[in-house]
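In case you want the letters, here they are:
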Amino acid sequence: MTTHTTRMLILGSGPAGLSAAIYGARAGMQPIVVQGIQPGGQLTTTTDVENYPGFADVIQGPWLMEQMQKQAEHVGTRLMWDTITEVDLTQRPFRLIGDGGDVYEGEVLVIATGAQAKWLGLDSEDAMKGKGVSACATCDGFFYRGKKVAVIGGGNTAVEEALYLTNHSDDVTLIHRRDTLRAERILQERLHAHPNIKVLWNKEVRAFVDGGGNAGLVALELEDTVTGEHSRLDVEGGFVAIGHHPATELFRGHLDLDGDGYITVEVGSTRTSVPGVFACGDVQDKVYRQAVTAAGTGCMAALDAERFLAAAEFEEFREAAE
């Protein structure tokens, strides 16, 4: 068992965690990033990225994360491969324990563990990800300009995604397994009033149909939840919008979480309910969930952490001098 100590400990290595590391390293905090089970975060599973500022041409998600990692290491970040299984936030330095027994201690902790989109769990869905199947209309809707698309879900996320897709498509279908939506009333009114959106009630997606070759997604196979009748809907884009899982199980009982399991932060900051612990990226953001907003809050977390440490160290110096 080895103990790794640092002034700034960061959990998660997506755009939020690595941005925090870059700013933290440049502030002299010698950060350690514990990468977790998905180094690089969700962008490592994304192919074409067209909306990250600074790149005129389409870039690849894994390449972008590789560049962020290299930049973080270049300015002095240490990256560790481990999965944290236990945390102690009762006192500083904060203490995290990996599944192999290694201990990580940090004067401040930045949590950037992200959130994962919920999927339907179909084999065909997994096979078609990036080939017509997506969980983010804001990220990928642009690639379906003028094409027929469908959104699967019935909550706020699904309705918002359907409305957003009308910026690119004149033929949007919302597919819901029940006969009423869970979305807020105002969103439902906007949905039903839009001429380019139709709703298929009591339908479940049973399969995503691959057209073969370079065709990608060509249709959805549906089953009526009331009659059991099977049907087919021809589409070129299928957006699964049934919610997200924030990766916060590790912190349940240690930090304040909201009703959906996201870490609660003070408005306009990344400060959590425990002084010295900061949260950034999708683990505390259920509204925007973009790489660029995650990177922005990663910067905020590093600045908040640096100011916290400066104040804490000054207080310690003043007490020692008295």
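Note that this is a predicted model, so its numbers are computed, not measured.

Colleague: Kindly report on the sheet that holds strand S10 (residues 133-134), identifying the contributing residues and their values.
Modeller: Hydrogen bonding along the main chain pairs the strands of a sheet, whether they run parallel or antiparallel. What the five strands build is an open sheet, ordered S10-S17-S11-S12-S13; its pairing is parallel. Of all strands in the sheet, those with a lone pairing partner are S10 and strand S13 (197-200), marking the two edges. Note: S10 against strand S17 (residues 237-240), two bridges, orientation parallel. Paired with Val 133 across the bridge in S17 is Gly 238.

Colleague: So, the nonpolar core: which residues are in play, and what are the values?
Modeller: Grouped burial of nonpolar side chains is what soluble globular proteins tend to show. Counting residues in each nonpolar core, the largest one holds 29 residues, and the members touching the most others are Met 8, Ile 10 and Val 110. If sequence neighbours within four positions are ignored, Met 8 has contacts with Ala 20, Gly 24, Met 29, Gln 30, Pro 31, Ile 32, Val 108, Val 110, Ala 302 and Ala 305. Grouped together as the second largest cluster of nonpolar side chains are 21 residues, Val 34, Met 80, Phe 94 and Leu 257 included.

Colleague: I'd like a description of the state of the cysteines, backed by residues and values.
Modeller: Within this structure, the stated rule accounts for one disulfide. Cys 136 shares a disulfide with Cys 139; S-S distance 2.2 Å. When the S-S torsion is 70°, as for the bridge of Cys 136 with Cys 139, the disulfide is right-handed. Free of any disulfide, Cys 280 has its nearest neighbouring cysteine sulfur in Cys 299, separated by 10 Å. Under the relative-accessibility criterion, Cys 280 is labelled buried at 1%.

Colleague: Run through helix H6 (residues 185-193), naming residues and quoting values.
Modeller: Restricting attention to buried positions, one finds in H6 the residues Leu 187, Gln 188 and Leu 191. Each buried residue of H6 lies within a common arc of 100° when the element is viewed along its axis, so the set occupies one face. Every exposed residue of H6 that faces more than 90 degrees away from the buried side is listed here: Arg 185, Ile 186 and Ala 193.

Colleague: Lay out the pairing of strand S15 (residues 217-224) with the relevant residues and their values.
Modeller: Sheet topology places strand S14 (residues 203-210) next to S15; seven bridges connect them, and they run antiparallel. Its bridge partner lying in S15, Lys 203 is registered against Asp 224. Linking S14 back to S15 in an antiparallel pair, the connection comprises six residues, with Gly 212 at a positive phi of about 85°. Direction of pairing for S15 relative to strand S16 (residues 230-234): antiparallel, over a ladder of five bridges. Paired with Glu 221 across the two strands is Arg 232, which belongs to S16. The turn joining S15 and S16, which pair antiparallel and follow one another in sequence, is formed by five residues; a positive phi near 80° is taken by Gly 228.

Colleague: Provide a residue-level description of the sheet that holds S14, including the pertinent values.
Modeller: With respect to topology, three strands assemble into an open sheet ordered S14-S15-S16, the strand pairing being antiparallel. With one partner strand each, in any of the chains shown, S14 and S16 form the two edges of the open sheet. Between one strand and the next, the sheet's axes are offset by a mean angle of 30°, whatever the strand orientation.

Colleague: Summarise the packing of helix H1 (residues 15-26) against helix H7 (residues 291-321); cite the residues concerned and give the values.
Modeller: At a minimum axis distance of 7 Å, the contact between H1 and H7 shows a crossing angle of 35°. Where H1 crosses over H7, the handedness of that crossing is right-handed. Residues Pro 15, Ala 16, Ser 19, Ala 20, Tyr 23 and Gly 24 of H1 form the contact with H7, whose participating residues are Ala 291, Ala 294, Ala 295, Gly 298, Cys 299, Ala 302 and Leu 303.

Colleague: How would you summarise the packing of helix H5 (residues 156-165) against H6 if you had to cite specific residues and measurements?
Modeller: The interhelical angle for the contact between H5 and H6, taken along N-to-C directions, is 35°, at an axis separation of 10 Å. The crossing of H5 and H6 is left-handed. Contacts from Asn 156, Val 159, Glu 160, Ala 162 and Leu 163 of H5 reach H6 at Leu 187, Arg 190 and Leu 191. Class assignment for the residues of the contact of H5 with H6 results in five nonpolar, one polar and two charged.

What counts and how
Residues numbered from 1 in each chain as written. Predicted model: local features only at pLDDT ≥ 70, side-chain atom pairs only at ≥ 80, totals over all residues. Heavy atoms only, no water. Pairing = 2+ DSSP bridges. Helix = DSSP H or I, 4+ residues; strand = E, 2+ residues; numbered from the N terminus. Core = buried A, V, L, I, M, F, W, Y, C linked by side-chain atoms within 4.5 Å. Buried < 20%, exposed > 50% of the residue type's maximum accessible area, 1.4 Å probe, protein only. Contact = heavy atoms within 4.5 Å. Disulfide = S-S within 2.5 Å. Arc of directions from axis to C-beta. Axes fitted to C-alpha atoms, helices over the stretch in contact; angles between N-to-C directions. Left-handed = near helix turned anticlockwise from the far one by under 90°. Nonpolar A, V, L, I, M, F, W, Y, C, P; charged D, E, K, R; others polar.

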